[in-house]
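# Per-entry structural report
Residues per chain are reported as follows:
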Amino acid sequence: MIYFLAGVVAMAGLLFGYDEGVIAVAGSSLTHDFPMSDLARGFTTAAVPLGALVGCILGGRLTERFGRRRVLMGAAALFSCGALAAACVIAVWMLTIARFVLGLAIGVAAVVAPLYIAESAPLRIRGGLVSTYQLAITAGILLSYLTGLVVVGEGSWRVMFALGMVPGVAFLIGLVFLPESPRWLALQGRGSQAKASLHRLRGATTDVTAELAGIQAMADAEQRSAAHAPSLLAPWVRPALIIGTVLFFLQQLSGINAVIYYAPTIFRHAGLGSDKANVIATVGVGLVNFLVTILAMALIDRWGRRPLLSVGFAGTAATLILIAVAVMKPNVFPSWIIVVALFGYIASFAVSLGPLPHLMMSEVFPLSIRGAGMSAASASNWGFNFIVVFLFPLMLSTIGLAGAFTLFAVVCLGGLLFSITFAPETRGVSLEEIEAHLRAGEPLRSLGLAKTRTAPFAIGNRTPLP
Ligand code: BGC
């Protein structure tokens, strides 16, 4: 059941990715029907992250009140309506509103989906399972790019937008069959339902006594202190807030969505060649992103979070600098170098900066304010996503591709420093242990240190987890 749950819930990521990617490939047919200024294009493109910013702020409150599953059902319904509306519009402002609504649904789901998986997963495979969410995002992006290759001609953007309804409806149907999160049920004082949910997740004959006791004890402690539920700014919670928000700031300012939303434009600026070649290279970006995310899922619970973060930031910084130099010296570097470096950039992102912020935000916040904490982290994700996507066309026409990528590289170097000096290791540490560590006022960075030391930096290392 847990794999089925992860598969269904991760569909929220598919919707997220599809709507991010579709605007890149729908762009030319859309502007043919609705000629628009750079500003209008930036705004229509950025309407999804803007809606998602609002959605993720609402999502935390909604899920604390109504649970994980019901809120996701609402988001799935809203998503399907938004996709239909986007396909039927007759003016740009209508499209902007439809994309804003889609964004709302995506934002709500972006908070609740990883949380729902993390709270339902067994400790040993929590990292890998939550990362199915990121895998689904990349699958959604890839699917949208492939749609751009297959659905061509006048008005093709309507078909592309309408296709988004299919995963929306499938998501809604899948959710009907899932149990509610045992941790949320325990927090509501519904102990017997929490037990039934655990049995459905782990298997009817599995002994869930110890796991349930751990969850129940933490939920009881949370309820006792409910009157004084900690503020997100409480000194002991602050390190979690910093991890959640700064990781997303770094993820977005690494420039990933300049590439995801504008890949064909970037290839054109890099002088790659025909429109067809640009779209094929764009599909290549989507494919590398997807395949390397699968690798990341295998590594996250083996190598650990911190080593992967460092590898990712180092790789993105190096490839961005290479691209910037190659763009500035077209006589020295042929354009294929830019394509290869961009694939290297995407691979470095996908193996770490892609999945890890989503995973770690679902791990670090204390249970009673996990929803609010994840809202704050997601707001950072979508807020900075909006800024990059909205400003990128302007950056291209002012400081150029090389200037923009140099700025992104500087952020990645900052990210490398942050991973080395601040990021905790949450591999193999239960959500309850993480919370106890924070409450004890221990520096977050010391979390899991002993476990990392026993886990050499090697693929296939299978240090037993507690
Ligand atoms: C980010 C998205 C990005 C995607 C690319 C996600 O982790 O939050 O903004 O488009 O990765 O794969």
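No experiment lies behind these values; they were computed from the predicted model shown. Residue positions within a chain follow its written sequence, with the count starting from 1. In keeping with the model being predicted, local features are shown solely for residues with a pLDDT of at least 70 and side-chain atom pairs are shown and tallied solely at 80 or more, while totals for entire chains, interfaces and linings include all residues. As a convention, hydrogens and water are excluded, and side-chain values are obtained from all of the structure's heavy atoms.

## A short note on the overall build of the protein
- Looking only at helices and strands, the protein features 21 helices and zero strands.
- Scored against the burial criterion, the 466 residues of the protein give a buried share of 60%.
- Residue contacts are defined here by distance: any two heavy atoms, one from each residue, within 4.5 Å place the two residues in contact. The contacts of the protein with a sequence gap of at least 6 include a subset with a gap of at least 24, amounting to 82%.
- Only the protein chains shown count as cover for residues, and the accessible areas themselves come from Shrake-Rupley with a 1.4 Å probe. Surface exposure of the protein reaches about 17,100 Å², of which carbon and sulfur atoms provide 71%.
- When charges are counted, neither His nor the chain ends are considered; positive counts come from Lys and Arg and negative counts from Asp and Glu. Note on charges: their place is set at NZ of Lys, CZ of Arg, CG of Asp or CD of Glu. Here the protein holds 30 positive side-chain charges and 20 negative ones, and the gap between their average locations is 3 Å. In this text, helices come from DSSP runs of H or I with a minimum length of four residues, and strands from runs of E with a minimum of two, each type numbered from the N-terminal end. To sort residues, take the accessible area from a 1.4 Å probe on protein chains only and compare it with the maximum for the residue type: under 20% means buried, over 50% means exposed, and anything in between is partly exposed.

## Quick notes on the nonpolar core
- Buried residues of nine kinds, namely Ala, Val, Leu, Ile, Met, Phe, Trp, Tyr and Cys, make up a nonpolar core once their side-chain atoms join them within 4.5 Å. Of all hydrophobic cores here, the largest spans 136 residues; its most connected members are Leu 72, Phe 161, Phe 392, Phe 405 and Phe 408.
- Contacts of Phe 161, omitting those with residues within four sequence positions, involve Val 22, Ile 23, Ala 26, Ala 83, Ala 86, Ala 87, Leu 95 and Arg 99.
- Counting residues in hydrophobic clusters, the runner-up holds eleven residues, among them Ala 186, Leu 187, Ala 194 and Leu 198.

## Structural notes on the site of the ligand
- If even one non-hydrogen atom of a residue comes within 4 Å of a molecule or strand, that residue is called near it. Neighbouring the ligand are 15 residues; Glu 20, Gln 134, Gln 251, Asn 257 and His 358 lie closest to it.
- For the ligand, an oxygen atom lies 2.6 Å from a polar atom in the side chain of Asn 257.
- N or O atoms closer than or at 3.5 Å make up a polar contact, with two conditions inside protein: a donor-capable atom paired with an acceptor-capable one, and, for residues adjacent in sequence, both atoms drawn from side chains. Between the ligand and the protein, one listed contact pairs an oxygen atom with a side-chain N or O atom of Asn 289 at 2.9 Å.
- Considered on its own, the ligand offers 310 Å² of accessible surface; in the complex 100% of this is hidden by protein.
- Put simply, the parts of the chain that give the shell around the ligand at least two residues each are α2 (11–33), α6 (126–150), α12 (238–253) and α18 (370–398).
- It is α6 that contributes the most residues to the shell around the ligand, four residues altogether.

## Things to note about the packing of helix α1 (residues 2–9) against helix α8 (residues 165–176)
- Packing of α1 against α8 leaves a shortest axis separation of 9 Å and a crossing angle of 150 degrees. The orientation of α1 relative to α8 falls into the category roughly antiparallel. The element α1 and its partner α8 pack so that their crossing is left-handed. Contacts between α1 and α8 pair Phe 4, Val 8 and Val 9 from the former with Phe 171, Gly 174 and Leu 175 from the latter.
- Lys, Arg, Asp and Glu make up the charged group, whereas Ala, Val, Leu, Ile, Met, Phe, Trp, Tyr, Cys and Pro make up the nonpolar group; the residues left over, Gly among them, are polar. For the contact of α1 with α8, the residue count by class is five nonpolar, one polar and no charged. For helices, the fitted axis covers only the stretch in contact; all axes are lines through C-alpha atoms, and the angles between them, taken along N-to-C directions, range from 0 to 180 degrees. Put simply, angles under 35 degrees are roughly parallel, angles over 145 are roughly antiparallel, angles from 65 to 115 are roughly perpendicular, and the rest are oblique. In a left-handed crossing the near helix is turned counterclockwise from the far helix by less than a right angle, and in a right-handed crossing that turn is clockwise.

## What to know about a nonpolar patch on the surface
- Distance thresholds for patches are 9 Å for like charges and 5 Å for nonpolar side chains (Val, Leu, Ile, Met, Phe, Trp, Tyr), applied to residues having over 30% relative accessible area and no salt bridge. Throughout this description, the term salt bridge denotes a Lys or Arg side-chain nitrogen within 4 Å of a carboxyl oxygen of Asp or Glu. On the surface, Met 1, Phe 4, Val 169, Ile 173, Val 176 and Phe 177 cluster together into a nonpolar patch covering about 530 Å² of accessible area.
- With three residues, α8 is the single largest residue contributor to the nonpolar patch.
- Tracing the backbone shows Val 169 in helix α8.
- Its relative accessible area of 37% is what places Val 169 among the partly exposed residues.

## Overview of the environment of Asp 33
- Residue position: Asp 33 is located in helix α2.
- A sequence separation of 318 residues divides Asp 33 from Val 351, and the C-alpha atoms of the two residues are 38 Å apart.
- Ignoring anything within four residues of it in the chain, the contact list for Asp 33 reads Glu 154, Gly 155 and Trp 157.
- For Asp 33, the side chain forms a polar contact with the side chain of His 32, separated by 3.1 Å.

## Considerations on the side chain of Glu 20
- Mapped onto the fold, Glu 20 is located in helix α2.
- Although Glu 20 is buried, it forms no salt bridge, and the closest oppositely charged side chain is Arg 99 at an N-O distance of 8.5 Å.
- A distance of 3.2 Å separates a polar atom in the side chain of Glu 20 from a polar atom in the side chain of Tyr 261.
- Setting aside residues up to four positions removed in sequence, Glu 20 forms contacts with Ile 137, Ile 141, Asn 257, Ile 260, Tyr 261, Trp 382 and Asn 385.

## Digging into the packing of aromatic side chains
- Any pair of Phe, Tyr and Trp rings, taking the six-membered ring for Trp, is counted once the centres come within 6.5 Å. Such a pair is stacked with planes under 30 degrees apart, edge-to-face with planes over 60 apart, and tilted for the rest. For the structure on display, the rule yields eleven aromatic pairs.
- Ring plane angle 25 degrees and centroid distance 6.5 Å describe the contact between Phe 392 and Phe 408, whose orientation is recorded as stacked. Taken together, the residues Phe 392 in helix α18 and Phe 408 in helix α19 (residues 400–421) connect sequence positions 16 residues apart.
- Feature note: the residues Tyr 262, Phe 392, Phe 405 and Phe 408 constitute an aromatic cluster, connected by ring pairs.

## Points about the confidence of the model for the protein
- Here the protein averages 86 in pLDDT, while 94% of its residues score no lower than 70.
- The predictor's confidence in any single residue is recorded as pLDDT, a number from 0 to 100. By mean pLDDT, helix α21 (residues 449–453) is the weakest element of the protein at 51, and α19 is the strongest at 95.
- Across residues 451–466, where pLDDT falls below 50, the model places 29 contacts with residues more than four positions away in sequence or in other chains.

## Structural notes on the environment of Ala 347
- Looking at the secondary structure, you find Ala 347 in helix α16 (residues 335–353).
- In this structure the C-alpha to C-alpha distance between Ala 347 and Phe 290, which are 57 residues apart in sequence, comes to 9.0 Å.
- For Ala 347, the contacting residues outside a window of four places in its chain are Val 288 and Val 292.

## Thoughts on the pattern of salt bridges
- Counted according to the given criterion, the structure contains eight salt bridges.
- When the shortest N-O distance is used, the salt bridge between Arg 99 and Asp 19 registers 3.8 Å. You can see Arg 99 sitting in helix α5 (residues 92–120) and its partner Asp 19 sitting in helix α2, a full 80 residues away along the chain.
- Exposure remark for Asp 19: the relative accessible area of 3% places this residue in the buried category.
- Where Glu 119 meets Arg 370, a salt bridge forms, and the shortest distance between an N and an O atom there is 3.4 Å. Of this pair, Glu 119 sits in helix α5 while Arg 370 sits in helix α18; the two residues are 251 residues apart in sequence, bridging distant segments of the chain. Of the two residues, Glu 119 and Arg 370, both sit in the buried class.
- Several salt bridges converge on common partners, so that one network encompasses Arg 68, Glu 119 and Arg 370.

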